[in-house]
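# Geometric and topological summary
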Amino acid sequence: MSLAGLGLTTEQERVYRELLRTRPGIASHAGGAGRGDAGAGSVLTELRVLGLVDENLTAVPPAAAVDLLVRRRITEAQQQFEGLAAAWEALRELTEEQRTGRPAGLLEQLSNGPETTRRIGALLTDHPGEFAALRTDALYDESRHPHVRHGRLLMAGLRSRTLFPVHTLEDPRQVAHASRLHAFGELHRVTTEAVWPLTLVNRSVAFVPADLSDPEAGVLQIRRTGVVRILAEVFDGIWNRARDLDELPVSPVEQRVLRALTRYDTDDSAARALNVSVRKFRGHVADLMDRLGARTRFQAALLAKERNWL
């Protein structure tokens, strides 16, 4: 079997094989048959650079030689892959320039709202690879998250992950909203860490606030590879430390609702104890039953005790 697939030339392989068959004492003469001394010396130098021949002109064992050659080919393949990744980045920039008629800079400031949403949507439409968002505001916002379009992207292969602070779940609608998005295949986790707004598209473009202290300052679109890679690693770290929705303890509001559910005989008395309307109390109960997978209120109370929610 030829070693050409591992990157050796015909002459390099011929000399290396001959050195393997040559006794160490006469290794300096290997490779010279049918060639001038200069030619043989050149090939031996190349083999030494590759690590296949030591300083005594002795061939390294086959296992070590093949391992070195394989590692070298893997390194070359990685470099080629990085070059291809750079080509895809260039393609995205060219596509953006074609769409907008403007140069696609590495750092660009956008206005809040529709322009940022349009950019993100266009990037995902061109290449539905990966969407990652870290939110600090309320998750429940139907106008800012078009379910149908996002669902189509998920069906097209988009991997979508959203992180948000646990305190946003104090509004029971948050869990219901996230559950609906789960039905489309979107992943959600919550964190207790201090976070800031961040959106990553295909791990190649990032969107961050231009000024955290000024919501009207707009959004920065970042295409600089090194910066985006760091932001993606930060997101991954928070995601790995965060918890799934099913692992969350109940919020203070939900705990009060559960206690009232077990202490009072009627919805009217429970609602008065919580100082909320009967309609709102029943809405809380319905959300908790959905979350627990309970068919009756009695079953909900039992399941809540099993999970140590009470």
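Attention here is on the structure that accompanies the text. (Residues numbered from 1 in each chain as written. Predicted model: local features only at pLDDT ≥ 70, side-chain atom pairs only at ≥ 80, totals over all residues. Heavy atoms only, no water.)

## Some details on a nonpolar patch on the surface
Quick reminder of the rule: Distance thresholds for patches are 9 Å for like charges and 5 Å for nonpolar side chains (Val, Leu, Ile, Met, Phe, Trp, Tyr), applied to residues having over 30% relative accessible area and no salt bridge. Only the protein chains shown count as cover for residues, and all accessible areas are computed by the Shrake-Rupley method using a 1.4 Å probe. Any Lys or Arg side-chain nitrogen found within 4 Å of a carboxyl oxygen on Asp or Glu counts as a salt bridge. Secondary structure elements are taken from DSSP: a helix is a run of H or I of four residues or more, a strand is a run of E of two residues or more, and numbering for both begins at the N terminus. Buried, partly exposed and exposed residues are distinguished by accessible area as a fraction of the type maximum, computed with a 1.4 Å probe on protein chains only: under 20%, between the cut-offs, and over 50%, respectively.
Judged by side-chain polarity, V66, V70 and I74 come together as a nonpolar surface patch covering roughly 210 Å² of accessible area. Mapping V70 onto the fold places it in helix α3 (residues 62–100). A residue is classified by how much of its surface remains accessible, and V70, at 32% relative accessible area, is partly exposed.

## Things to note about the side chain of E186
Under the convention used in this document: Think of it this way: Lys and Arg go in the positive column, Asp and Glu in the negative one, and His and the chain ends go nowhere. Under this definition, polar contacts are N or O atom pairs within 3.5 Å; protein pairs additionally need one hydrogen-donor-capable and one acceptor-capable atom, and for neighbouring residues in sequence, both atoms have to be side-chain atoms.
On the secondary structure map, E186 appears in the loop between α6 (173–183) and β4 (187–191). Buried E186, no salt bridge; nearest opposite-charge side chain is R135, N-O distance 8.0 Å. Of note is the side chain of E186, whose polar atom sits 3.3 Å from the side chain of S160. Of the polar contacts made by the side chain of E186, one reaches the side chain of T162; its length is 2.8 Å.

## Describing the pattern of salt bridges
Taken as a whole and judged by the stated rule, the model has 18 salt bridges. In this structure, the salt-bridge partner of E108 is R119, at a minimum N-O distance of 3.0 Å. Taken as a pair, E108 in strand β1 (residues 107–110) and R119 in helix α4 (residues 114–126) lie far apart in primary sequence, eleven residues in all. E108 sits in the buried class, given a relative accessible area of 18%. Taking the relative accessible area as the measure of exposure, R119 reaches 2% and is therefore buried. The shortest N-O distance in the salt bridge between R161 and E130 comes to 2.9 Å. Placement of the pair is R161 in strand β3 (residues 159–165) and E130 in strand β2 (residues 130–134), with a sequence separation of 31 residues. Connected via shared salt-bridge partners are E130, R159, R161, R203 and D236.

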